[in-house]
Amino acid sequence: MTETAELIDNEFLRQFELKVEDEMAVIEYSLQERKIFLTKMIIPESIKTTDFEKEFLALVFDNIKERNISVVPTSPEIAKFVRSNRKYKRMLPVGIRI
């Protein structure tokens, strides 16, 4: 579902956006120093599936990884994703455990 969609980092609104069909999935963030705090995930019910959520989060985390900055997931569903994906745990700042 996300293969044809392009992840957009809307720096003005401080959110990652992924448009699928006529719907927009969003992850809001706050950028401070060399850390990005992922604060809220909004996925419309019409496109919300477990697979879509995982693919969307993987796109966001891969984008952040390219920038070489740490991730602090403050949203419960994003923290759950990090817990279940060992490769993204390395992106957490020193001293942060999930």
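Structural data are supplied above this passage.
Definitions and cut-offs
- Here the residue numbers are simple positions, counted from 1 along each chain's written sequence.
- Totals for whole chains, interfaces and linings use all residues, but because this is a predicted model, local features are given only for residues with pLDDT of at least 70 and pairs of side-chain atoms are given and counted only at 80 or more.
- Note that water and hydrogens are dropped before the side-chain values are worked out from all heavy atoms of the structure.
- Helical segments are the DSSP runs of H or I of at least four residues, strand segments are the runs of E of at least two, and each set is numbered from the N terminus.
- Between buried and exposed lies partly exposed: a residue is buried under 20% and exposed over 50% of the maximum accessible area for its type, with that area taken using a 1.4 Å probe on protein chains only.
- By definition, residues are in contact when any of their heavy atoms lie within 4.5 Å.
- All axes here are fitted lines through C-alpha atoms, helices being fitted over the stretch that makes contact, and every angle between N-to-C directions spans 0 to 180 degrees.
- Roughly parallel covers angles under 35 degrees, roughly antiparallel covers those over 145, roughly perpendicular covers 65 to 115, and oblique covers all other angles.
- Ten residues, namely Ala, Val, Leu, Ile, Met, Phe, Trp, Tyr, Cys and Pro, are considered nonpolar, four, namely Asp, Glu, Lys and Arg, are considered charged, and the remaining ones, Gly among them, are considered polar.

Draft legend 1. A look at the side chain of Ser-75. As for its position among the elements, Ser-75 is in the loop between β5 (70–73) and α2 (76–84). The exposure class of Ser-75 is buried, given its relative accessible area of 2%. Not counting the four nearest positions on each side in its chain, Ser-75 is found in contact with Leu-38, Thr-39, Lys-40 and Met-41.

Draft legend 2. Fine view of the packing of helix α1 (residues 50–67) against α2. Across the interface, α1 lies against α2 with an axial gap of 11 Å and an inter-helix angle of 80°. In terms of their interaxial angle, α1 and α2 are classed as roughly perpendicular. Facing α1, whose interface residues are Glu-53, Lys-54, Leu-57, Ala-58 and Phe-61, α2 presents Glu-77, Ile-78, Phe-81 and Val-82. Residue classes in the contact of α1 with α2 are distributed as six nonpolar, no polar and three charged.

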